[in-house]
Amino acid sequence: MDLKERLSELKKDALAEITNVDDLKKINDIRVKLLGKKGPITEVLRGMRDVPADQRPRIGSFANTVRDELTRALAARKEKLEIIKTAKKLEKEKIDVTLPGVAVKVGQPHIIEQVIAQIEKLFLGMGYQIVDGPEIEEDHYNFEMMNLPKDHPARDMQDTFYITDQILMRTQTSPVQARTMEKHDFTKGPLKMISPGKVYRRDTDDATHSHQFHQVEGLVIDKHVTMADLKGTLQTLARTIFGEKREIRLRPSYFPFTEPSVEVDVSCFKCDGQGCAVCKQTGWIEVLGAGMVHPNVLKMGGIDADVYGGFAFGLGPDRFAMLKYGVDDIREFYLNDVRFLQQFSQKG
């Protein structure tokens, strides 16, 4: 048998072996066995030295053709076995989509966080900045810079937790405003800010009071700021939180850090101002306090009160949430009862 016949016989046997292999791991073994340096094709070609010189190109070309055919056959078989393996795996791991799925519980922000986020979104859209500050605060910033000296009787309304004589748990987020006033550069524009966060007071916990609650305070300082600017801002706030039909009214009040000061009422969203149990038959619900920034507060913040003026307001997101959703006990917000919290699914 000459070399060409031996190569033809070798190709026939190799193709049969490749066709019958059914294991991907064996494909590489067959490739090495057939085409490697110690394979039968290499062994046959070693007999080329005994072939007449004029026949060597023909035999060599045929040997390369056999090698190429076997290489293609190996690649095709490997691809087919990979397809079969993938099909078996998919068959084994397939999911019957007609079966009912398992519901995955998805968390959501706490209702208080939702209300704060809604307020922040509104004021960011009006060009305000959101400023945070420390909850452990100095008496100087918490009280004195808010026009509340140590002997001021209004301090009794904000009795708090003292760490030392000068360090306390803040009773309001106003000290954030005081710190911001000290640093603000008015040559770069007016100061427009809100400061949301937790505050602390020595209240006895009941349905409407808590020793810890949330507050959002706002401050605008610029030239030519008026009460009309304040009312327009609060009107927008009320309609954003409680509905587009809401109206507000301002009643004279007293706060040490504003002059004049007002209590702000919103028309009852339960009875639309007609009078009901929610608004105690008045048609109005008190929601926050506000006023024009007291000149003393401006001066202590390093601001020329003869040139600049402004307004400030403070609201409780906890109270806003109670009013908006008809919650009658503030403690419900802090008990972490999932049955209660799931009632307030976040929208949008």
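Residues numbered from 1 in each chain as written. Predicted model: local features only at pLDDT ≥ 70, side-chain atom pairs only at ≥ 80, totals over all residues. Heavy atoms only, no water.

Draft legend 1. Representation of the pattern of salt bridges. What the rule picks out here adds up to 16 salt bridges. The shortest N-O distance in the salt bridge between Arg251 and Asp265 comes to 2.6 Å. With Arg251 in strand 6 (residues 248-255) and Asp265 in strand 7 (residues 258-267), the pair connects residues that are 14 residues apart, well separated along the chain. Its relative accessible area of 2% is what places Asp265 among the buried residues. Between Arg339 and Asp337 there is a salt bridge, and its shortest N-O distance comes to 2.9 Å. By relative accessible area, which is 66% here, Arg339 ends up exposed. (Salt bridge = Lys/Arg side-chain N within 4 Å of Asp/Glu carboxyl O. Helix = DSSP H or I, 4+ residues; strand = E, 2+ residues; numbered from the N terminus. Buried < 20%, exposed > 50% of the residue type's maximum accessible area, 1.4 Å probe, protein only.)

Draft legend 2. Examining the nonpolar core more closely. Ranked by internal contacts, the top residues of the largest apolar core, which has 43 residues, are Leu237, Leu288 and Phe320. When residues of this core are traced back to their parent elements, those giving at least two are helix 5 (111-125), strand 5 (212-222), helix 8 (227-242), strand 7, strand 8 (284-293), strand 9 (309-315) and helix 10 (317-325). The element that contributes the greatest number of residues to this core is helix 5, accounting for seven residues. Membership of the second largest hydrophobic core comes to 24 residues, among which are Val131, Met146, Met193 and Tyr308. (Core = buried A, V, L, I, M, F, W, Y, C linked by side-chain atoms within 4.5 Å.)

Draft legend 3. Quick look at the pairing of strand 4 (residues 191-200). In terms of residue burial, strand 4 counts as a mostly covered element, since eight of its 10 residues are buried. Sheet topology note: the strand 1 (residues 129-130)/strand 4 ladder contains two bridges and is parallel. From the neighbouring strand, Gln129 faces strand 4, where its bridge partner is Met193. The pairing of strand 4 with strand 5 spans 10 bridges and is antiparallel. Bridging across to strand 5, Gly197 finds its partner in Gln215. (Pairing = 2+ DSSP bridges.)

Draft legend 4. Highlighting the sheet that holds strand 4. Spatially, the seven strands line up as an open sheet ordered 1-4-5-9-8-7-6, and their pairing is mixed. Of all strands in the sheet, those with a lone pairing partner are strand 1 and strand 6, marking the two edges. In the sheet, strand 8 pairs with strand 9 via five bridges, with the strands oriented antiparallel. Each bridged residue has a counterpart across the sheet, and for Gly289 the counterpart in strand 9 is Gly314. Each of strand 1, strand 4, strand 5 and strand 9 is contacted by helix 5, which is oriented at about 170° to strand 4, the strand it contacts most. Contacts between helix 10 and the sheet are confined to strand 5, strand 8 and strand 9, with strand 8 contributing the most and set at about 150° to the helix. (Contact = heavy atoms within 4.5 Å. Axes fitted to C-alpha atoms, helices over the stretch in contact; angles between N-to-C directions.)

Draft legend 5. A look at helix 5. Look at helix 5: 21 Å from first C-alpha to last across 15 residues, which is about the 21 Å you get at 1.5 Å a residue. Along helix 5, the positions that sit buried rather than exposed are Ile111, Ile112, Gln114, Val115, Ile116, Ile119, Leu122 and Phe123. At its buried positions, helix 5 is contacted by strand 4, strand 5, helix 8, strand 9 and helix 10. Within two residues after helix 5, Gly127 carries a phi angle of roughly 90°, on the positive side. (Expected span 1.5 Å × (residues − 1).)

Draft legend 6. Spotlight on empty space enclosed by the protein. By the definition in use, this model includes one cavity of 30 Å³ or more. If you trace the largest cavity, you find it lined by Leu234, Leu237, Ala238, Phe242, Ile248, Val264, Val287, Leu288 and Phe320. At the level of secondary structure, the elements contributing two or more residues to the lining of the largest cavity comprise helix 8 and strand 8. It is helix 8 that contributes the most residues to the lining of the largest cavity, four residues altogether. Looking at the lining of the largest cavity residue by residue, the classes come out as nine nonpolar, no polar and no charged. (1 Å grid on protein atoms, 1.4 Å probe; cavity = no way out; pocket = protein on both sides within 12 Å on 5 of 7 lines; lining within 4 Å. Points joined across faces, edges and corners; volume = space filled by probe spheres on them. Nonpolar A, V, L, I, M, F, W, Y, C, P; charged D, E, K, R; others polar.)

Draft legend 7. Expanded view of the environment of His211. Among the structural elements, His211 can be located in the loop between strand 4 and strand 5. Linking His211 and Glu137, residues 74 residues apart in sequence, is a C-alpha distance of 16 Å. Excluding anything up to four places from it in sequence, His211 contacts Phe161, Val199, Tyr200, Arg201, Asp203 and Asp205.

Draft legend 8. Highlighting the packing of helix 1 (residues 3-20) against helix 2 (residues 24-35). As a packed pair, helix 1 and helix 2 sit with axes 11 Å apart at the nearest point and diverge in direction by 175°. Of the possible angle classes, the one that applies to helix 1 and helix 2 is roughly antiparallel. Mapping the contact onto sequence places Ala14, Glu17 and Ile18 in helix 1 and Ile30, Lys33 and Leu34 in helix 2. Looking at the contact of helix 1 with helix 2 residue by residue, the class counts come to four nonpolar, no polar and two charged. (Parallel < 35°, antiparallel > 145°, perpendicular 65-115°, else oblique.)

Draft legend 9. Structural view of the side chain of Ser267. With respect to the helices, strands and loops of the structure, Ser267 is situated in strand 7. Exposure remark for Ser267: the relative accessible area of 8% places this residue in the buried category. Residues in contact with Ser267, not counting those within four places in the same chain, are Lys245, Arg246, Glu247, Gly283 and Trp284.

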